[in-house]
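What the coordinates show
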Amino acid sequence: MEIVNLKKYLTPFERPSQDVRIDVELGSQQTISGSGFYEAIFKRDVEKLHKRLFKIKKEGQLVSVVSSLIPDDVMTSKQLRIATDVEESVDLDNNVDRVAYDIMLTWPNDEEHSLFDNQQELQQILLKKVTIKNKERVIRYEEEAMLPDRFSLQKGK
């Protein structure tokens, strides 16, 4: 059972520093157009977003899938080309001072279902994370799909 400390946020690429058995792979990276859905999340007009999909594996087995959305207006093209940990770079450049969480039990979408090796009808924990600056400006949005039998969510120190 993996324990997720909700008091300490880690970007996908920071996780191996906490546990050497964890491998992080950037599965895909694409630019997508904004829509009313994303405008509701970011609370502003968003023309383009950078969507990055990460596969988090422990001892070779996929344990979670992280989808990161970064609006074009909070990052530079240089960050996308040069920074290994784009999420950390964006948070630092935008002085992120808070991470808000929302947790739900749900069914995987088609992409997540295929990544979790097409296991039987399974439910998953969906941990939504929003990085915020100055109590209101949403900088980034992440969704992490986790198998419930692998994780325990706790408020740590």
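Residues numbered from 1 in each chain as written. Predicted model: local features only at pLDDT ≥ 70, side-chain atom pairs only at ≥ 80, totals over all residues. Heavy atoms only, no water.

1. Considering the pattern of salt bridges
The test is simple: By convention in these notes, a salt bridge is any Lys or Arg side-chain nitrogen within 4 Å of a carboxyl oxygen on Asp or Glu. Helix and strand definitions follow DSSP, with helices as H or I runs of at least four residues and strands as E runs of at least two, each counted in order from the N terminus. Only protein chains enter the area calculation, which uses a 1.4 Å probe; residues under 20% of their type maximum are buried, those over 50% are exposed, and those in between are partly exposed.
Summed over all chains, the structure comprises 14 salt bridges. Ionic pairing is found between Glu87 and Arg52, a salt bridge with its closest N-O pair at 2.8 Å. Of the two residues, Glu87 sits in helix α3 (residues 86-93) while Arg52 sits in strand β3 (residues 48-58), which places them 35 residues apart along the sequence. Taken individually, Glu87 and Arg52 each receive the classification buried, so the pair is uniform in this respect. The partner of Lys129 in a salt bridge is Glu142, with the nearest N and O atoms 3.7 Å apart. Residue Lys129 is located in strand β6 (residues 124-133), and its partner Glu142 is located in strand β7 (residues 137-146); the two are separated by 13 residues in the primary sequence. Relative accessible area serves as the criterion here: at 4%, Lys129 is assigned to the buried category. Through salt bridges with shared partners, one network takes in Arg15, Asp91, Lys129, Arg140, Glu142 and Glu144.

2. Re the side chain of Glu142
Applied cut-off: Any pair of N or O atoms that falls within 3.5 Å is considered a polar contact. Within protein, one atom must be able to donate a hydrogen and the other to accept it, and sequence-neighbouring residues count only if both atoms are side-chain atoms. Residues count as neighbours in contact if any of their non-hydrogen atoms are within 4.5 Å of one another.
The class for Glu142 is buried, based on a relative accessible area of 1%. At a separation of 2.6 Å, a polar atom in the side chain of Glu142 contacts the side chain of Tyr9. Each residue touching Glu142, except ones within four places of it in the same chain, is listed here: Tyr9, Pro12, Val66, Ser67, Ser68, Glu87, Leu127, Lys128 and Lys129.

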